[in-house]
Amino acid sequence: MSIAAPRPETWIRTTAAGLYCEPGDFYIDPRHPVPRAVITHGHGDHARAGNGQVLATPETIAIMQLRYGDGAGAVLQTLSYGEALTINAVVVRLLPAGHVLGSAQIVLDYRGSRVVVSGDYKRRADPTCAPFEPQSADLFITEATFGLPVFRHPPDDQEIDKLLHSLTLLPERCHLVGVYVLGKCQRVLVLLRRAGYEEPVYVHGALLGMTELYERMGVALGPVLPATGAPREALKGRIVLAPPTAPAEPWSRRLPDPLVAQASGWMRVRQRAKAGGIELPLVISDHADWDELTATIEEVKPGELWVTHGAEEALLYQAGKMGFRARALSLVGYEDEE
Amino acid sequence: MERFAPLLDGLIFTPARNCKLTLMKEYFRTAPDPDRGWALAALTGELNFREVKASQIRALVMERVDETLFDLSYDFVGDLAETVSLIWPSRHGVNYVPSLSEIVTELHEATRIDAPARIGRWLDALDPTGRWALLKLVTGGLRVGVSARLAKTALAEWSNVPLEEIESVWHGLAPPFADLFRWLEGHVPRPAIEGQPTFTPIMLAQPLEDSYLGKLDPADYRAEWKWDGVRVQLVGRGGQRRLYSRTGDDIGAAFPELIAAMPGNVVLDGELLVMRDGEVASFNDLQQRLNRKLASSKMLAEFPAWVRLYDILEEGAEDLRPLPFDRRRARLETWFASAKPDRMDLSPVIPFRSWDDLKELRAGARERSIEGIMLKRGDSPYVSGRPKGPWFKWKRDALTLDTVLMYAQRGHGKRSSFYSDYTFGVWRDDELVPVGKAYFGFTDEELRRLDRWVREHTVDRFGPVRAVEPQLVLEIAFDSIHKSTRHKSGVAMRFPRVHRIRWDKPAAEADNIANVERLIT
Ligand SMILES: [Zn+2]
Ligand SMILES: [Zn+2]
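The rules we used
- Residues numbered from 1 in each chain as written.
- Chains lettered and ligands numbered in written order.
- Predicted model: local features only at pLDDT ≥ 70, side-chain atom pairs only at ≥ 80, totals over all residues.
- Heavy atoms only, no water.
- Helix = DSSP H or I, 4+ residues; strand = E, 2+ residues; numbered from the N terminus.
- Rg over C-alpha atoms; globule rule 2.2 N^0.38 Å.
- Buried < 20%, exposed > 50% of the residue type's maximum accessible area, 1.4 Å probe, protein only.
- Contact = heavy atoms within 4.5 Å.
- Lys, Arg positive; Asp, Glu negative; His and termini not counted.
- Charge placed at Lys NZ, Arg CZ, Asp CG, Glu CD.
- Pairing = 2+ DSSP bridges.
- Axes fitted to C-alpha atoms, helices over the stretch in contact; angles between N-to-C directions.
- Buried area = accessible area lost by both parts, 1.4 Å probe.
- Salt bridge = Lys/Arg side-chain N within 4 Å of Asp/Glu carboxyl O.
- Polar contact = N/O pair within 3.5 Å; in protein donor to acceptor, adjacent residues only side chain to side chain.
- Donors = N, O, S within 2.8 Å, 3.2 Å for Na, K, Ca; no water.
- Phe/Tyr/Trp six-rings, centres within 6.5 Å; stacked < 30°, edge-to-face > 60°.
- Arc of directions from axis to C-beta.
- Domains from an automatic or database assignment.
- Nonpolar A, V, L, I, M, F, W, Y, C, P; charged D, E, K, R; others polar.

Caption draft 1: The overall build of chain B, seen in detail. Helix and strand counts for chain B stand at 19 helices and 21 strands. By the compact-globule yardstick of 24 Å for 521 residues, chain B fits well, its C-alpha radius of gyration being 26 Å. Along the first, second and third principal axes, the C-alpha atoms of chain B reach 80 × 65 × 45 Å. Here chain B holds 521 residues, and the buried ones make up 54% of them. Here the analysis covers contacts within chain B between residues at least 6 apart in sequence; of these, 69% occur between residues at least 24 apart. For chain B, the separation between the mean place of its 74 positive charges and that of its 76 negative charges on side chains is 1 Å.

Caption draft 2: Structural detail: the sheet that holds strand β2 (residues 221–227) of chain B. Residue and element names in this part refer to chain B. Across the sheet, 5 strands lie side by side as β1-β12-β11-β2-β10; this open sheet has mixed pairing. Each edge of the open sheet carries a strand with a single partner, namely β1 (206–207) and β10 (349–350). Relative to strand β12 (residues 391–395), strand β11 (residues 370–377) runs antiparallel, the two sharing 5 bridges. Bridging across to β12, Met-374 finds its partner in Lys-393. Helix-sheet contacts for helix α16 (residues 325–339) involve β2, β10, β11 and β12, and the interaxial angle to β2 is about 55 degrees. The strands touched by helix α17 (residues 355–364) within the sheet are β2, β10, β11 and β12, with β12 carrying the most contacts at an inclination of about 45 degrees.

Caption draft 3: Main features of the interface of chain A and chain B. At the interface, 38 residues of chain A touch 35 residues of chain B. Around 3300 Å² of area is buried between chain A and chain B when both sides are counted, 59% of it from carbon and sulfur atoms. When the area that chain A buries against chain B is broken down by residue, the three leading residues are Val-150, Arg-253 and Arg-270 of chain A, summing to 22%. If you look at where chain A meets chain B, you find 4 salt bridges. Residue Arg-270 of chain A pairs with Asp-9 of chain B through a salt bridge whose shortest N-O separation is 3.0 Å. Applying the counting rule to chain A against chain B returns 10 residue pairs in polar contact (both at pLDDT 80 or more). Of all the elements in the fold, those that place two or more residues in the side of chain A that touches chain B are α2 (156–169), α5 (270–275) and α7 (312–321) of chain A. Sorting elements by how many residues they give to the side of chain A that touches chain B places α5 of chain A first, with 6 residues.

Caption draft 4: The arrangement of the pairing of strand β5 (residues 266–276) of chain B in detail. All names here are of chain B. Of all 11 residues making up β5, 10 are buried, and the element is well covered by its neighbours. In the sheet, strand β3 (residues 230–237) pairs with β5 via 7 bridges, with the strands oriented antiparallel. By the bridge assignment for β5, Gly-236 is matched with Val-266. Bridge count between β5 and strand β7 (residues 305–315): 9 bridges; the pairing is antiparallel. Among the inter-strand pairings, Val-274 is bridged to a residue of β7, identified as Ala-305. Counting the residues in the hairpin turn of β5 and strand β6 (residues 279–280) gives 2 residues, including Asp-277, whose phi is positive at 50 degrees.

Caption draft 5: Looking closely at helix α6 (residues 290–300) of chain A. Every buried residue of α6 of chain A is listed here: Trp-290, Glu-292, Leu-293, Thr-294, Thr-296, Ile-297 and Val-300 of chain A. Next to the buried residues of α6 of chain A lie β11 (139–144), β18 (304–310) and α7 of chain A together with α5 (67–77) of chain B. N-cap assignment for α6 of chain A: the residue whose side-chain oxygen lies 3.2 Å from the backbone N of Asp-291 of chain A is Asp-289 of chain A.

Caption draft 6: Up close: the coordination of the zinc ion (ligand 1). Within the protein, the zinc ion (ligand 1) binds to His-41 of chain A (NE2), His-43 of chain A (ND1), His-99 of chain A (NE2) and Asp-120 of chain A (OD); these donor distances fall in the range 2.1 to 2.3 Å. For the zinc ion (ligand 1), all donor residues lie on one chain, and their spacing in sequence is H-x1-H-x55-H-x20-D.

Caption draft 7: Structural context of the packing of aromatic side chains. Scanning all chains against the criterion turns up 24 aromatic pairs over all chains. Ring centres 6.4 Å apart and planes at 55 degrees place the aromatic pair Tyr-121 of chain A and Phe-140 of chain A in the tilted group. Of this pair, Tyr-121 of chain A sits in the loop between β10 (113–117) and β11 while Phe-140 of chain A sits in strand β11; the two residues are 19 residues apart in sequence, bridging distant segments of the chain. Here Tyr-121 of chain A and Phe-140 of chain A have matching classes, each one buried. The interplanar angle of 55 degrees and the centroid separation of 6.3 Å between the aromatic rings of Tyr-221 of chain B and Trp-355 of chain B together place this pair among those described as tilted. Taken together, the residues span a long stretch of sequence, with Tyr-221 of chain B in strand β2 and Trp-355 of chain B in helix α17 at a distance of 134 residues.

Caption draft 8: Helix α7 (residues 100–109) of chain B, seen in detail. Residues and elements named next belong to chain B. All buried positions along α7 are accounted for by Leu-100, Ser-101, Ile-103, Val-104 and Leu-107. The arc that holds every buried residue of α7, seen down its axis, measures 160 degrees, which confines them to one face. Those residues of α7 hidden inside the fold are in contact with α1 (4–13), α2 (17–30), α3 (35–43), α8 (115–125) and α9 (128–139).

Caption draft 9: Representation of the domain arrangement of chain A. Residue and element names in this part refer to chain A. When the domains of chain A are assigned, the result is domain 1 (8–150 + 287–328) and domain 2 (156–282). Here the C-alpha centroids of domain 1 and domain 2 sit 29 Å apart. Every contact between the two is made by 18 residues of domain 1 and, on the other side, 17 residues of domain 2. Of the roughly 1500 Å² buried where domain 1 meets domain 2, counting both sides, 77% is carbon and sulfur surface. Where Asp-126 meets Arg-187, a salt bridge forms, and the shortest distance between an N and an O atom there is 3.9 Å. Across the contact surface, domain 1 and domain 2 share 2 residue pairs in polar contact (both at pLDDT 80 or more). Tallied by class, the residues present in the side of domain 1 that touches domain 2 amount to 9 nonpolar, 4 polar and 5 charged.

Following this line, the structure appears as structure tokens:
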């Protein structure tokens, strides 16, 4: 940040609709419809329907069109990773966040001052999306979904092995794996293929569209079949992927003796997994774990850190210990109203 | 530890008995000796070393982790062993994973002072699941939903050796059970247990339906009261004395007065009761004793134990099991008259001529210590297990209460999409108090209808549990109901099941807590 550069908090702030860049006159991942939005990625809590102009990566735009059809936005504009676009006086770039297909960090440059909004991200390799690219920043706004030192995600292949081992041990039971529609589903598919599992994987109807979209975007997922309509007998000893709510729904009654698994970072905590009725917890997360969060802060070396999305307290404390000035984003938002 | 930790992890998440068995069989098949023997000891509760206290574990983690971060994490996770296992910083270069037998051997040698340091070294080398398993092991009580009997059942299924045979040698063996595994794998003959106070698997009765009585000749059968206690076996052999539960668990330490009263050189079958002034106390009183591993002198005075004898299996060196019941009964009476043991009496044989006689007796037995009647063929030898025909239990009619469905929880496996576990309550003024839980007694068709009803009447959700509108009356049948400090409502039911679903009955007409209290024994 040069001497004359404005301090980040003078040109970016939280509002009721979400994070707002004043000189650019746009919102990032707005919670309510706004005239102009920049979207980090396609998950429902970030990409909502009904905005005017929408800027995002081509993959995120495609995901929003699949989800919302005409509601995706009045004007849809794509920006590929690394390209720059000037909106008013603000230069906007999107860099890979490594979270899901098309996920981006938003890099904003304004008069020599730089803000990086991480969106959701992770640091470990994910074959379904481009890896996170760290970028130095005056202000880094990071997520903290797993911002506690008890969250250290194990290697993916170890978790996939657990699933495959269970399948050989209990070959009569259908293995119903709860996964999010966007990202987790496709990542689990690719991880299974990499582990040498070549059998067809059955998926819940809600996952089909996104899975096809990934395939169209060049992510090979191997044989995928719809679970609905498959004969009960054919699902014995098979892997069925479905939204995490499916095991509780009458839909799952078509499955022969389902063993309920779930692929999520929350599965790290046994009590939580058990309380959710999970028999086979698979710790596979699309969010940075504690080590990834702290390593990223160290790497980005931001002049200031804002923390949002999850367990802020521990990460703020840790960032302070590491010598960074850090605040919870929600607190920043309240300050504006005082 | 590489295999033992995933075994515990699997067991804790797997609700189905069959899948638990599969996991244990796989472990016994693949784990090396003597690890699997120590694991078996851990699962059957026979690993004894000085337990490490939670405060010691906390002190250990505080040497390595920032206190603020630990406290925030502990708040979130809510369980000390789990928090420590997850937050423990792995140390690079420390990757020698100790085997279960190394851990057990070292812990046996460890003193109170140096145990934590050893544990710290192992925690450094283990992964989170290994750390969690280690902490469960050293803080005592695995609590992974496996009984000693289930572990023995897994051994039986894995080796194709009948469970009764394993149970009958069990108490002649000790961890890490090298001779047991060699026998189960067919390398050596059955371990010699002669002269040791081992358990003989007991003989059980079939339930009797009233309609079946007509097919039986009353002259062939002897009748006894079925007492509301727990079946036990007393073994005096080779100068040692043991008291076993019906599943072969050694419960002698909890009943020192019975061990002291036991004569030697005899094996007896009877009912364990609490007896005060010649009267059988409630099952709840017995429960006070059963809940404890050791008995205080206060417990001994307040809840004195007694055994009412049914049968004699061995006298001196003579195995009496092949003799017919009538001959054994005569031997039991003769033995009792000469031995005059303290804290024991004989369960009387009830004379009767016809089934109608017996029905009347059964209906007239209002004593709460009587659960029903046992019928035993006069010519029946004592056979372990539950043979069809020689012995019947003819229970008294169940008690029932009209209750209101309060919460429903999703089941597991085949029932994972059904709300199949029901918490029900009764009225206290205009508020419902939960009094029990039931998850069987209904047909598949009724389950589907109940599930639909729960979904349509949900008022709140907590994970897999739904709170429902207080509108549906469940008629619950149960064997008895007792005061209990372990349940919020202050009562505990034995064998509650859904007897009828009263779709027709207004919830306001369900029973109230006063009705429940009247049934307490
Ligand atoms: Zn996301
Ligand atoms: Zn998010």
